[in-house]
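Structural features, examined
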Amino acid sequence: MRALILAAGRGERMRPLTDTMPKPMLSVGGKPLIVWHIENLRAAGVHEVVINHAHLGNVIEEALGDGMAFDVKIQYSREGEALETAGGIAFALPLLEEDIFAVINGDVYTDFPLHQLAEAVQRLRRDPQLLGHLVLVANPPQHPNGDFALSDGKVFREGQTMLTYSGIGVYRRSMFDAIERGAKAKLAPLLYEAIDRGQLSGEYYKGIWNDVGTPERLANVDRAIFERQLAHGYRGG
């Protein structure tokens, strides 16, 4: 399985921090957000990672290099100008190569066990009608109405309990066939189309997940990680 980490966003709500640093390179718990993802992917057995970038992409490449330091192979999908989520995925397809792949937002922090994405890949392989699989989480304060509902492993537009898309998912490349490479395109319309055709599965993750979208939330996540490290006897070094 290959994985794409989305790191092309400008991070307007994070300014002025993102004036000089891409949002996924901001640190929590002593390391950049994107490094948490890379290390967790490696622990899950993923050896090939694609990272898309636009804003200050050179900073990301200089920091992460070819991935050797993390025991993975990193390739970069250089957009120049951010292409939105679906446009960015479509642009990166030649590097992803495989029919089914994982996608992770670079600006979230989570302890989701990424090895479970391999199970989602197998689900899509068994059912060729499925186009994707979403990891959903409880609605955070800044997004109280959620995005989707979940029932019997299928994702719906509406339901009794609404949940939030975590930014972690597995997709089939054919989902992006209609997007011209290099064009801007949002992900939501593609998800709605797949939902309406019954082609989107999902799961509800109840563990740690944070959308690190503002300096305040960044500081809160950093503090929470530090407190958990203290609780487990970690003293750094």
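Description of the structure in this document. Note that the structure is a prediction, hence the values are computed from the model and not measured.

**Focus: the nonpolar core**
- In this structure, I34, I38, L41, I51, L64, L117 and V170 are the most contacted members of the largest nonpolar core, which totals 34 residues.
- Residues contacting L117, with those up to four places away along its chain left out, are M1, A102, F112, V135, I168 and V170.
- I89, V103, F176 and I179 belong to the second largest nonpolar core, which has 29 residues in total.

**Quick word on the packing of aromatic side chains**
- As enumerated under the stated definition, the model contains 5 aromatic pairs in all.
- Centroid distance W36 to Y109: 5.3 Å. Interplanar angle 85°. Geometry classified as edge-to-face. Note that W36 is positioned in helix α1 (residues 33–43) and Y109 in strand β7 (residues 108–110), a separation of 73 residues in sequence.
- Its relative accessible area of 16% is what places W36 among the buried residues.

**Some details on the environment of L200**
- Here L200 lies in strand β12 (residues 200–204).
- The exposure class assigned to L200 is buried, which follows from its relative accessible area of 1%.
- On a C-alpha basis, the gap between L200 and P140 in space is 22 Å, while along the polypeptide they are 60 residues apart.
- Not counting residues up to four positions away in its chain, the partners in contact with L200 are L130, G132, H133, L134, K154, V155, L191, A194 and I195.

Rules and cut-offs
- Residues numbered from 1 in each chain as written.
- Predicted model: local features only at pLDDT ≥ 70, side-chain atom pairs only at ≥ 80, totals over all residues.
- Heavy atoms only, no water.
- Core = buried A, V, L, I, M, F, W, Y, C linked by side-chain atoms within 4.5 Å.
- Buried < 20%, exposed > 50% of the residue type's maximum accessible area, 1.4 Å probe, protein only.
- Contact = heavy atoms within 4.5 Å.
- Phe/Tyr/Trp six-rings, centres within 6.5 Å; stacked < 30°, edge-to-face > 60°.
- Helix = DSSP H or I, 4+ residues; strand = E, 2+ residues; numbered from the N terminus.

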